[in-house]
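Summary of structural features
Here's the letter readout for the chains.
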Amino acid sequence: MHFKIAKSSTIAAELTVPGDKSISHRAIMLGALTNGPCVITNFLEGEDCLATMAAMRKLGVRIEHPEAGAVVVHGAKGRFTQPASDLNCGNSGTTVRLLSGILAAQPFRTRMTGDASLSQRPMRRVIEPLTQMGARLTAEGARDTLPLIIDGGPLTGIRYEMPHASAQVKSAVLLAGLFASGKTTVVEPAPSRDHTERMLEYFQVRPVRQGSAVSVYGGQTLESRDFKVPGDISSAAFWLVAAAAQRGSRLRIGNVGLNPTRTGVLAVLVRMGARLREIVETAEGEPSGVIEIKGATLHGTMIDGDEIPNLIDEIPAIAVAAALASGKTTIRGASELRVKETDRIAAIASNLRAMGVAVAEFDDGMEITGGARLHGARLPSFGDHRIAMAFTIAGLFADEETIIEDVACVATSYPTFEETLRLVRSGKAIPRKSAAERGTVGASVRRTRAGTSL
Ligand code: S3P
């Protein structure tokens with residue numbers, strides 16, 4: 001399957017995006033740890049989250065899926081049964097790493113497998129702390145890679161200083177900590193997404209945060225509650241870039257997650273000159289609301305340091321914005337991109353170059369010289385959903401036709417991407433007047449970005 005993309009005129013659209021991937025995984029896993037039924041709505045029907053659902057069912061969790069986007073998880077206080085066969089985590093790093101934390105505490109053996117991409121990705125990062133807590137984890141792959149065998153058992157709380165900022169590792173240790181004796185503390189070198197901490201709190205287990213350390217006490221029961229998943233800002237990022245980089249474009253995305261540990265992409269687009277506004281409408285649990293954006297002339301920026309974990313998944317889309325901006329954009333401190341669904345630094349550099357963009361590649365990032373005419377090209381997706389979608393957006397700006405090959409991977413995180421692309425291109429998704437224009441913003445505006453009036 002491939003996408004064929006022609007150059008597009010300006011965009012005028014009002015959209016929503018599917019449920020957040022990180023939060024959908026956690027809603028199933030943490031729901032299974034509660035003491036009763038949890039109705040989860042706006043659940044992402046992406047392949048990654050379906051892999052989590054299938055794995056949890058194999059562990060004996062009763063999960064109903066009455067309709068698309070609605071899931072009922074019957075929590076049984078974290079009591080699981082040994083699966084009859086391997087847990088296939090597909091393409092999903094979040095499934096294998098977060099689940100490792102839960103499985104480390106179970107009194108049985110499990111074996112986790114994955115697709116070719118996941119089978120290349122590093123697992124030492126969860127093996128290390130979970131082994132310190134008392135579990136036995138054995139990677140059968142040559143370089144601490146899948147298949148991963150976990151012999152779970154009684155755990156002891158630890159204090160773990162993470163060598164890299166990683167929400168997946170932090171979450172694995174905190175989830176294991178719920179089953180461990182005493183206190184488990186994770187110290188982060190830089191803040192990573194805090195969905196696990198927020199969701200624990202939502203389910204009435206309070207993690208304790210002290211500066212860069214977050215702790216949980218073992219032996220607590222999560223209280224079942226219904227949960228609505230906000231739209232995924234990582235999916236929104238593709239449309240934000242498509243609108244931001246074109247004068248005359250206008251886009252409004254509603255019901256989107258605005259958790260401050262995920263909104264780095266908005267800060268970067270503002271720095272690049274985007275005319276953007278963020279309106280937080282719901283603050284309980286996971287903040288969510290509206291993003292409004294108007295096209296402008298973008299210019300290059302510098303992205304590095306603590307900002308990186310906050311926008312790591314949006315770098316493919318940001319790189320496309322950088323190619324469309326005037327001047328240079330430098331991204332450093334992002335070596336984690338080398339071990340995502342593909343080596344995203346190499347994939348971005350190769351596809352941008354094929355479109356005529358000058359890119360210097362570093363071990364931990366790249367420098368993109370923007371402003372050149374984009375040429376259409378036949379581009380591989382590298383089997384990576386975010387590479388496929390980012391270069392689809394690049395194709396909207398290219399002079400000749402662009403073909404993105406092997407786009408089945410898009411279903412990993414955004415199964416309705418193509419439908420939305422058609423809608424956006426047809427001009428049928430015309431925005432209503434913005435809340436500000438309707439004069440109804442009032443008290444609902446809790447946070448807007450400075451200097452970005454529409
Ligand atoms: C995720 C955390 C991030 C991110 C991944 C999802 C999560 O990975 O890149 O797509 O749901 O916790 P790391 O925690 O490894 O940085």
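These numbers were taken from a predicted model, which means no experiment stands behind them.

Analysis parameters
Residues numbered from 1 in each chain as written. Predicted model: local features only at pLDDT ≥ 70, side-chain atom pairs only at ≥ 80, totals over all residues. Heavy atoms only, no water. Domains from an automatic or database assignment. Contact = heavy atoms within 4.5 Å. Buried area = accessible area lost by both parts, 1.4 Å probe. Salt bridge = Lys/Arg side-chain N within 4 Å of Asp/Glu carboxyl O. Nonpolar A, V, L, I, M, F, W, Y, C, P; charged D, E, K, R; others polar. Buried < 20%, exposed > 50% of the residue type's maximum accessible area, 1.4 Å probe, protein only. Helix = DSSP H or I, 4+ residues; strand = E, 2+ residues; numbered from the N terminus. Pairing = 2+ DSSP bridges.

Here the domain parsing of the protein yields domain 1 (2–19 + 230–450) and domain 2 (21–228). Placing the centre of domain 1 and that of domain 2 at their C-alpha centroids yields a distance of 28 Å. The partner domain 2 presents 28 residues to the 28 residues of domain 1 that form the contact. Taking both partners together, domain 1 and domain 2 bury about 2,400 Å²; carbon and sulfur atoms supply 45% of that area. Connecting domain 1 to domain 2 are 4 salt bridges. A class-by-class count of the residues in the side of domain 1 that touches domain 2 yields 9 nonpolar, 9 polar and 10 charged.

This part covers the pairing of strand β3 (residues 37–41). Residues in a regular strand project their side chains so that they alternate between the two faces of the sheet. With burial as the criterion, only one face of β3 is covered, namely that bearing Cys38 and Ile40; the residues Pro37, Val39 and Thr41 on the opposite face remain uncovered. Pairing analysis gives 5 bridges linking β3 to strand β5 (residues 70–74), with the strands arranged antiparallel. Bridge pairing in β5 places Val39 opposite Val72. Looking at chain direction, β3 and strand β14 (residues 227–228) are connected through 2 bridges and run parallel. Bridging from a neighbouring strand, Thr41 pairs with Lys228 of β14.

If you trace the 4 strands from one edge of the open sheet to the other, you get β18-β19-β21-β20, paired in mixed fashion. Two strands bound the open sheet, and with one partner strand each, they are β18 (302–303) and β20 (358–362). Here strand β19 (residues 327–331) runs beside strand β21 (residues 365–370); their pairing, made up of 5 bridges, is antiparallel. In the strand pairing of β21, Lys328 is matched with Thr369.

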